[in-house]
Amino acid sequence: MTALRSKRVVANGHVSPATIHVSDGKITEVGPYEEQPRPEARGPRPELIDYGDLVIMPGLVDSHVHVNEPGRTEWEGFITATRAAAAGGITTIVDMPLNSIPPTTTVEALRVKAEAMRGNLRVDVGLWGGVVPGNLRELRPMLAEGALGFKCFLVHSGVEEFPNVDERQLREAAGELAATGAPLLVHAELPGPIERAHASGDPAAYGTYLASRPAAAEDEAIELLLRVCQDTGARIHVVHLSSANGLETIHHARERNLPLTAETTPHYLHLEAEEIPAGRCEFKCAPPIREHANRERLWSGLEADLIEMIVSDHSPCSPHLKGDDFMKSWGGISSVQFVLPIVWTEALRRGHPLTHVTKWVCEGPARLAGLRGKGAIAPGNDADFVVWSPEESFVVEPSIIEHRHKVTPYAGEHLHGVVHATWLRGEPVFENRVHIGPARGEWLRRLP
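Heads up: these notes are all about the structure in this document. Think of each chain on its own: its residues are numbered from 1, step by step along the sequence as written. In keeping with the predicted nature of the model, local features appear solely for residues at pLDDT of at least 70, side-chain atom pairs appear and are counted solely at 80 or more, and the whole-chain, interface and lining totals rest on all residues. The side-chain numbers reported here are obtained from all heavy atoms of the structure, hydrogens and water having been left aside.

### Examining the overall build of the chain
Regarding its fold elements, the chain presents 12 helices and 18 strands. For the radius of gyration, the atom set is restricted to C-alpha positions; the globular benchmark scales as 2.2 Å times the number of residues to the power 0.38. Rg of the C-alpha trace for the chain: 21 Å, near the compact-globule value of 22 Å for 448 residues, within the 12% margin. Based on the C-alpha atoms only, the size of the chain along its principal axes is roughly 70 × 45 × 45 Å. For the exposure calls, accessible area comes from a 1.4 Å probe over protein chains only, and a residue counts as buried if that area is under 20% of its type's maximum, exposed if over 50%, partly exposed in between. Counting every position in the chain, which comprises 448 residues, the buried fraction comes to 61%. Counting from the N terminus, the helices are DSSP H or I runs at least four residues long and the strands are E runs at least two residues long.

So, in structure tokens, the structure goes:
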């Protein structure tokens, strides 16, 4: 039995002094700050760890991470991705089905992915399956094998082995999943507006790339998702919302009580198109980072609960695939280690409390992925915690980056929020910038 206490524990929608009692990897009770750990009838003397004024928050859940293993492990892998997650206070990630080879689009591929994870996880990991043309009959068997839900693209994914679906295939997948309650995650850009954009200009200029992925591609895709959601009743989730125009459609879904939800990412909430230097392709992602005014509207969407969560969309690659040509370089941003400080830096600037941050980076992603026992400090839940200082700050330097590669648009950024410790199921796995113990993360399968 162990007890952790702090004068700032984020639990049950409040920040207050509390003692968290832990036994066998689970939270047994959240009691008053002065409370002592109760000795068990047998076993060693219970330990009390007092974190003083440091914040104890639920371990973050990041439901949008591209680990890329197996097949493109030179881009990232489970060892490095989960080390970076633990260093950032993230105790659970959910891996996306593409960029690995084979992609996670069959039961056999899901098993291959699970084997690649064995013994390599420093945090817990769930797996999304993929929807591609022709694999409709694989979806329910993949759920039975443990997939948490599915991801598809409406536009070219960037890799040939994960083709996008058209409207008919999207509707078939939504119809197949509706009765299961499993979410269908959608990269919401339609090819038509992109094909009509005809962007030209200096390929090293960020504005050229931005013009090539107009907001209309997202806006029209989200309108399509609303129709499909209404027609099928399926849970549909918009990944990495970039265009704030889509908030109006999500509002319409909310008014009709339809299960259409959305997430956004730290880069859309922190960066802005006007400030991206020429040739700096570490800033490239799809959909693109948009203008300052759009960023502020996304924050308004969070404040109105139209956007329910913030996740990293960590999508790394080998550095040589970046270059200085925005039209040719790989589109993806590395950030899983820095979700908490990026979000907190912007939340602090806008006066948001710790409870809002917890809702966005812990509760929302856990709810999407159906991860019962994750995302909140409550009796019966896994004893997953991040212990951190909102007052301290740091500079993102290569020496502290745990991702496989050091390429990130946040290099040199001064961010608020320093992680002191990360606990996974009742044991510290990261403390004072040092990883502790063996890789003890587990594969989190879908519960019936």
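From this point, things continue past the structure.
### A look at the nonpolar core
Judged by nonpolar contacts, the single largest core of 107 residues is most densely connected at Met-57, Leu-170, Leu-184 and Val-361. Considering every element that reaches this core, the biggest residue donor is helix α7 (residues 215–232), with 7 residues. Sequence-distant contacts of Met-57, that is, excluding residues within four places in its chain, are made with Val-10, Leu-340, Val-357, Thr-358, Val-361, Cys-362, Ile-377, Asp-384, Phe-385, Val-386 and Trp-388. By convention a nonpolar core is built from buried Ala, Val, Leu, Ile, Met, Phe, Trp, Tyr and Cys residues, the set being connected through side-chain atoms within 4.5 Å. Residues Val-61, Met-96, Phe-162 and Leu-371 belong to the second largest nonpolar core, which totals 22 residues. By the convention used here, residues are in contact when the closest approach between their heavy atoms is within 4.5 Å.

### Comments concerning the side chain of Asp-219
Looking at the secondary structure, you find Asp-219 in helix α7. Under this rule, positive means Lys or Arg and negative means Asp or Glu; His and the chain ends count for nothing. Just to be clear on terms, a salt bridge is a Lys or Arg side-chain nitrogen sitting within 4 Å of an Asp or Glu carboxyl oxygen. Arg-290 provides the closest opposite charge to the buried, salt-bridge-free Asp-219, at an N-O distance of 6.8 Å. Apart from residues lying up to four places away in sequence, Asp-219 is in contact with Ser-243, Asn-245 and Gly-246.

### Remarks on the sheet that holds strand β7 (residues 90–95)
Taken in spatial order, the 3 strands make up an open sheet running β6-β7-β8, and their pairing is parallel. Since the sheet does not close on itself, it has two edges, and those belong to β6 (60–65) and β8 (124–127), each with one partner. The mean angle between the axes of side-by-side strands here comes to 20°, regardless of whether they run parallel or antiparallel. Across 4 bridges, the pairing between β7 and β8 is parallel. Counted as the bridge partner of Val-94 is Gly-126 from β8. To define axes, lines are fitted to C-alpha atoms, for helices over the stretch in contact only, and angles between the resulting N-to-C directions are given on a 0 to 180 degree scale. Its contacts with the sheet place helix α1 (residues 78–87) against β7 and β8, and it is angled at close to 140° to β7. Here a strand pair is declared whenever DSSP counts at least two bridges between the two strands.

### Overview of the layout of surface pockets
Whether a set of points on the 1 Å grid over the protein atoms alone is a cavity depends on a 1.4 Å probe fitting there but being unable to get out, while an open set qualifies as a pocket with protein on both sides within 12 Å along at least five of seven lines; lining residues are those with an atom within 4 Å of a point. Grid points are joined across faces, edges and corners, and a volume is the space filled by probe spheres set on the points. The volume enclosed by the largest pocket comes to roughly 420 Å³. His-156, Ser-157, Gly-158, Ala-286 and Gly-331 are the residues nearest the centre of the largest pocket, which is lined by 25 residues in total. Each residue is assigned to one of three groups, with Ala, Val, Leu, Ile, Met, Phe, Trp, Tyr, Cys and Pro labelled nonpolar, Asp, Glu, Lys and Arg labelled charged, and all others, Gly among them, labelled polar. Taken together, the residues of the lining of the largest pocket sort by class into 8 nonpolar, 13 polar and 4 charged. Estimates place the volume of the second largest pocket at around 250 Å³. Around the second largest pocket, the lining comprises 13 residues; the ones closest to its centre are Ala-87, Gln-337, Ile-400, Val-419 and Arg-433.

### Describing the pairing of strand β3 (residues 26–31)
Across 5 bridges, the pairing between strand β2 (residues 14–23) and β3 is antiparallel. In the sheet register, His-21 faces β3, and the bridge partner there is Glu-29.

### Some remarks on the sheet that holds strand β10 (residues 150–153)
A sheet is described by the order of its strands in space; here 6 strands give the open sequence β9-β10-β11-β12-β13-β14, paired in parallel fashion. Strand pairing shows two members of the sheet lacking a second neighbour, β9 (129–130) and β14 (309–310), which therefore form its edges. Pairing between strand β13 (residues 260–264) and β14: 2 bridges, direction parallel. Residue pairing for β14: Glu-263 is matched across the bridge by Met-309.

### A short note on empty space enclosed by the protein
All chains considered together, the criterion is met by 2 cavities of 30 Å³ or more. Estimates place the volume of the largest cavity at around 60 Å³. Lining the largest cavity are Glu-282, Pro-316, Cys-317, Lys-322, Gly-332, Ser-334, His-405, Val-407, Thr-408 and Pro-409. Of the residues in the lining of the largest cavity, the class split is 4 nonpolar, 4 polar and 2 charged. If you add up the space inside the second largest cavity, you get close to 30 Å³. If you trace the second largest cavity, you find it lined by Ser-242, Tyr-268, Leu-271, Ile-289, Arg-290, Glu-291, Asn-294, Arg-295 and Leu-298. Across the lining of the second largest cavity, the residue classes tally to 4 nonpolar, 2 polar and 3 charged.

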